[in-house]
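# An overview of the molecular structure
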Amino acid sequence: MSIIVPLVALLAAGVASAEPVKITAPSLGFPQSLEQSWAQQSPYFPAATYVVPPSGCEITQVNLLQRHGARWPKKSQGKDMKASVKTIQNANSYSNPNMTFITDYTYDLGTDDLVTFGAQQSFDAGEEHYVRYASLVSADIIPFVRASDSERVIESALNWTAGFAYTSNQMVMPMLNVIISQSGNDTLDDDMCPNAGSSDTQTTEWMNVFTPSIVTRLNSEAPGADLADSDVINLMMLCQFDTVYNEAPSPWCNLFTADEFTDFEYYGDLDDYYSNGWVSVTLSPHGLLTRFFRYGATLGPVQGVGYVNELIARLTGQPVQDETQTNYTLDHNPTTFPLDLTFYADFSHDNEMVSIFSAIGLFPQAEPLNTTSPNPDRTWVISNMVPFSGRLITERLTCDGVESVRMLVNDAVQPLAFCDADEYGVCTLSNFVASQSFATSNGDGMWAQCYS
């Protein structure tokens, strides 16, 4: 089932391009602080207020990398959640008034695909990006759009183009130019490294820390249910998926406290950190980045190398140089990988985006995430990095005649210490390219480890 925001109805509202963005995604009914504790299932919120580049800098190119919008659970997630619902429905009685709905509850979620709220999120992003970057586009100069070949990713891209076109009063009409097959080389999907590790050990260790007290409470409130630690994870996720599907607070959420959802967030942080991310970064005396992979499964960041090399090609106007997961046929054809455009938009998955962040050197952690004691000051918080419809924007700038770069993750300017950025997060393009030696060396031999 395709879910595209009904553009005709929106056009009837008659909103001109000069007007503020007309948000279509509704409030889900919970405080933002709670929704941002849902880890990968968090709805999009800006991590900061967008700040224009500093005086003397002009944006000359934008590269958008965006996650698909809110979706149904994956097949395996749905299977686990249904099993946990059945387990808690086996209770003899319920002493907690918040559980009275459980007896008559029927699991009715679909699988994998975009939900209406996710389509609205993507449409809203298209609106926002037209308003912000209108000076870079025109009827003849339109964004070049790619998507990984997954229905939810494709529909997110299409809704983004619809939002972009709508806010321009149909003067700028981007289309989905390229769909990259996930069965071959694809820089927008993370399924090309057979030897990549998983985070099962680390997430299980944290689950065993934070869920037992919840299990004890729920089993006392629902005698006979005999819930286990994993059921807590499944029911907390059901709260989130049920909420984004119905666009209203799910009663499952009322079984847990805000602090317990904060602990769930850390479960999600560990998941991506130990499967697709985590690099240890050391700065040279010149401020440029040297990267050491010191902890555990090191094949997460190498899965982001292909995209980084594509990004470098766009920023510099030079052909792609890569021997990892780029599609050579697409990337060496000016029709499917044009250079010297002003706006590129790519649509992807959260895991791949985490690999890309890590390959670049974003969100470095001085020490690996602890599996039993979260650091409250950590910067690795997945709801701030790759929520539903989360995004990385790389702006190419000209600053007093010097080509430069800055990066924003969900509108938060990244410090880019690895390329000697200034207080505004701006570094020269030449320094940025020099800092990306991990990508330009094709992962420094790590790509071969995916198959050895």
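Description of the structure in this document. Only a predicted model underlies this, so the values are computations on that prediction, with no experimental measurement involved. For every chain, the first residue of the written sequence is number 1, and numbering continues from 1 onward in sequence order. Selection of residues for local features in this predicted model requires a pLDDT of at least 70, selection of side-chain atom pairs for listing and counting requires 80 or more, and totals for whole chains, interfaces and linings are taken over all residues. To obtain the side-chain values, all non-hydrogen atoms of the structure were used and water was disregarded.

This part takes up the overall build of the chain. Along its length, the chain carries 16 helices and 10 strands. For the radius of gyration, the atom set is restricted to C-alpha positions; the globular benchmark scales as 2.2 Å times the number of residues to the power 0.38. The globule rule puts the C-alpha radius of gyration for 452 residues at 22 Å, and the 22 Å found for the chain is close to it. Once the C-alpha set of the chain is aligned to its principal axes, its extents read approximately 70 × 55 × 40 Å. Whether a residue is buried, partly exposed or exposed follows from its accessible area with a 1.4 Å probe, protein chains only, as a fraction of its type maximum: under 20%, in between, or over 50%, in that order. Taken over 452 residues, the chain has a buried fraction of 58%. Any two residues whose heavy atoms approach within 4.5 Å at even a single point are treated as in contact. Expressed as a percentage of contacts within the chain between residues at least 6 apart in sequence, the contacts between residues at least 24 apart total 78%. Only the protein chains shown count as covering a residue, and every accessible area follows the Shrake-Rupley method with a 1.4 Å probe. Only carbon and sulfur atoms are counted for the fraction: they give 51% of the accessible area of the chain, which is about 17,600 Å². Only DSSP runs of H or I with at least four residues qualify as helices, and only runs of E with at least two residues qualify as strands; both kinds are numbered from the N terminus onward.

All right, on to helix 9 (residues 258-273) then. A helix is expected to reach a length of 1.5 Å times the quantity of its residues less one. Over its 16 residues, helix 9 extends 23 Å from the first C-alpha to the last, a length consistent with the 22 Å expected when each residue adds 1.5 Å. Of all the positions in helix 9, only Glu-260, Phe-261, Phe-264, Glu-265, Tyr-266, Tyr-267, Gly-268, Asp-269, Leu-270, Asp-272 and Tyr-273 are classed as buried. Looking at the packing, one finds that the buried side of helix 9 touches helix 2 (32-35), helix 6 (200-210), helix 7 (212-221), helix 8 (229-246), helix 12 (350-360) and helix 13 (382-385).

Once that is clear, we can look at helix 5 (residues 151-167). Relative to the 24 Å expected for 17 residues at 1.5 Å per residue, helix 5 spans 24 Å between its end C-alpha atoms, a close match to the ideal helical length. The element helix 5 is extensively covered by neighbouring structure, given that 15 of its 17 residues are classed as buried.

Take the state of the cysteines next. For the purposes of this analysis, a disulfide is any pair of cysteine sulfur atoms at a distance within 2.5 Å. For the structure on display, the rule yields 4 disulfides. A sulfur-sulfur separation of 2.0 Å characterises the disulfide bridge that pairs Cys-57 with Cys-399. Since a negative S-S torsion denotes a left-handed disulfide, the Cys-57-Cys-399 link at about 115° is right-handed. Taken together, the residues Cys-57 in strand 1 (residues 57-67) and Cys-399 in strand 7 (residues 391-399) connect sequence positions 342 residues apart. Across this residue pair, the class does not change: Cys-57 and Cys-399 are buried. The disulfide partner of Cys-193 is Cys-450, and the S-S distance across this bridge is 2.0 Å. Measuring handedness by torsion sign, the sulfur bridge of Cys-193 and Cys-450 sits at about -90° and is left-handed. Of this pair, Cys-193 sits in the loop between strand 3 (176-180) and helix 6 while Cys-450 sits in the segment after helix 16 (446-449), and the two are 257 residues apart along the sequence. Take Cys-450: its relative accessible area is 0%, and that puts it in the buried class.

Within a regular strand, the side chains alternate between the two sheet faces. Within strand 6 (residues 343-348), 6 of the 6 residues are buried, which leaves the element mostly enclosed by the surrounding structure. Taking every second residue as pointing to the same face, both faces of strand 6 are buried, with Phe-343, Ala-345 and Phe-347 on one and Tyr-344, Asp-346 and Ser-348 on the other. Of the pairings in the sheet, the one linking strand 1 to strand 6 comprises 6 bridges and is parallel in character. Residue Leu-64 lies in a different strand from strand 6, and its bridge partner there is Ala-345. The rule for pairing is simple: two strands pair if DSSP sees at least two bridges between them. Relative to strand 6, strand 2 (residues 144-148) runs parallel, the two sharing 4 bridges. Across the sheet, Ala-147 pairs through a bridge with Phe-347, a residue of strand 6.

Of all 9 residues making up strand 7, 8 are buried, and the element is well covered by its neighbours. Sheet analysis places strand 1 next to strand 7, joined by 9 bridges and oriented antiparallel. Note that in strand 7 the partner of Leu-64 across the bridge is Ile-393. Sheet analysis places strand 7 next to strand 8 (residues 402-409), joined by 8 bridges and oriented antiparallel. Bridging from a neighbouring strand, Arg-396 pairs with Val-405 of strand 8.

Here a pair means two rings of Phe, Tyr or Trp (six-membered ring of Trp) with centres within 6.5 Å. Their orientation is stacked below 30 degrees between planes, edge-to-face above 60, and tilted elsewhere. In the structure shown here, the tally under the stated rule is 21 aromatic pairs. Both rings, one in Trp-160 and one in Phe-343, keep their centres 5.8 Å apart while their planes meet at 55°; by these two values the pair is tilted. One end of the pair, Trp-160, is in helix 5; the other, Phe-343, is in strand 6, with 183 residues separating them in the sequence. Among the aromatic residues, those joined into a ring-pair cluster are Tyr-50, Tyr-130, Tyr-133, Trp-160, Phe-164, Phe-343 and Phe-347. Across the ring face of Tyr-50, the terminal group of Arg-132 is positioned such that the distance to the ring centre comes to 3.8 Å. Whether a charge sits over a ring depends on NZ of Lys or CZ of Arg being within 6 Å of the ring centre and within 35 degrees of the ring normal. In this arrangement the basic side chain of Arg-391 is found over the ring face of Tyr-44, its NZ or CZ atom lying 3.7 Å from the centre.

So, on to unusual backbone geometry. The backbone of Asp-340 shows a phi angle near 65°, a positive value even though the residue is not glycine. By secondary structure assignment, the location of Asp-340 is in the loop between helix 11 (328-331) and strand 6. At Asp-400, a position not held by glycine, the phi torsion is positive, near 50°. With relative accessibility at 68%, the residue Asp-400 sits in the exposed group.

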